Amino acid sequence: AGVPPVWAEPKDRVISVPTEDEAMNAAMAKARASLDRFWAAKDSPKADEEGFALKVRIEDDGQSEHFWLTDVKRDGGKLSGSINNDPQWVGNVKMGQRYEFKEADVSDWMFMRKGRIVGNETLRVLLGHMPAAEAAQYKRMLENP
């Protein structure tokens, strides 16, 4: 069983998904396996690429929540970013806070290319948990739906 993690998406929309959800776990594994693609693009962005962000799992008192972090930096082995969602379940972080994390805590990555979302594997799973109109809107934003 376990505590269902909370997944924050654009506009601070929060969707709870059980920890053992196979599709979500597969999406996170796919994102982690392709993290080098994120760093390569972030380290040498093309003129039409922006909005680099990592989704990171943060735990507090038995609860876990996944946050998008912006202004992501990699300094040697140190990773950090700014919390870009208001917490729903955990109390140890707040919006705008600079947060250090380990690569093992990364659950997803994304950036924008020509106004389309690149990456964001967890969003692809969450589409099935959204109202049809909202899911269609996000699907149109994905570079490779």
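Our structure's up above, just so we're on the same page.
Starting afresh in each chain, residues are numbered from 1 along the sequence in its written order. Selection of residues for local features in this predicted model requires a pLDDT of at least 70, selection of side-chain atom pairs for listing and counting requires 80 or more, and totals for whole chains, interfaces and linings are taken over all residues. Computation of side-chain values covers all heavy atoms of the structure but excludes hydrogens and water.

Peer 1: Please set out the overall build of the chain residue by residue, giving values where relevant.
Peer 2: Each helix is a run of H or I in the DSSP string that is no shorter than four residues. Each strand is a run of E no shorter than two, and both are numbered from the N terminus. When helices and strands are tallied, the chain shows four helices and eight strands. Along the chain direction, N to C, the helices and strands of the chain fall in the order β-β-α-α-β-β-β-β-β-β-α-α. For every residue, the accessible area (1.4 Å probe, protein chains only) is compared with the maximum for its type, and the residue is labelled buried under 20%, exposed over 50%, or partly exposed between those bounds. Buried residues in the chain amount to 43% of all 145 residues. If you take every contact in the chain between residues at least 6 apart in sequence, the share linking residues at least 24 apart comes to 52%. Approximately 7600 Å² of the chain is accessible, and the part contributed by carbon and sulfur atoms is 49%. Between two residues, a contact is recorded if the distance between any of their heavy atoms is within 4.5 Å. Values of accessible area rely on a 1.4 Å probe in the Shrake-Rupley scheme; residue burial ignores everything except the protein chains shown.

Peer 1: Hey, could you go over the environment of Asp-60 for me, with residue numbers and the actual values?
Peer 2: Counting through the fold element by element, Asp-60 comes out in strand S3 (residues 49–60). With relative accessibility at 24%, the residue Asp-60 sits in the partly exposed group. For the pair formed by Asp-60 and Trp-89, sequence separation is 29 residues and the distance between their alpha carbons is 8.4 Å. Once residues lying within four places of it in the same chain are set aside, the contact partners of Asp-60 are Val-90, Gly-91 and Asn-92. Of the polar contacts made by the side chain of Asp-60, one reaches the backbone nitrogen of Gly-91; its length is 2.8 Å. N or O atoms within 3.5 Å of each other form a polar contact, as long as, within protein, one can give a hydrogen and the other can take it, and as long as residues adjacent in sequence are counted only when both atoms are side-chain atoms.

Peer 1: Could you give an account of the packing of aromatic side chains, with specific residues and numbers?
Peer 2: Between 30 and 60 degrees the pair is tilted, below 30 it is stacked and above 60 it is edge-to-face, where a pair is any two Phe, Tyr or Trp rings, Trp via its six-membered ring, whose centres lie within 6.5 Å. Scanning all chains against the criterion turns up five aromatic pairs. Ring centres 5.1 Å apart and planes at 75° place the aromatic pair Phe-38 and Trp-39 in the edge-to-face group. Comparing Phe-38 with Trp-39 shows no difference in burial state: the two are buried. Centre to centre, the rings of Phe-52 and Phe-111 are 4.8 Å apart; their planes meet at 25°, and the pair counts as stacked. In this pair, Phe-52 is assigned in strand S3 and Phe-111 in strand S7 (residues 106–113), connecting sequence segments 59 residues apart. With respect to burial, Phe-52 and Phe-111 carry one shared label: buried. Among the aromatic side chains, those forming a connected cluster through ring pairs are Phe-38, Trp-39, Phe-52, Trp-109 and Phe-111.

Peer 1: Now, about the pattern of salt bridges: what can you tell me, with residues and values included?
Peer 2: The term salt bridge refers to a side-chain nitrogen of Lys or Arg lying within 4 Å of a carboxyl oxygen of Asp or Glu. According to the stated counting rule, one finds 11 salt bridges in the structure shown. When the shortest N-O distance is used, the salt bridge between Asp-48 and Lys-114 registers 4.0 Å. With Asp-48 in the loop between helix H2 (35–43) and S3 and Lys-114 in the loop between S7 and strand S8 (116–119), this residue pair connects regions lying 66 residues apart in the sequence. When its relative accessible area of 28% is taken as the criterion, Asp-48 is described as partly exposed. For Lys-73, the salt bridge goes to Asp-71, with nearest N and O atoms at 3.0 Å. The exposure class assigned to Asp-71 is partly exposed, which follows from its relative accessible area of 43%.

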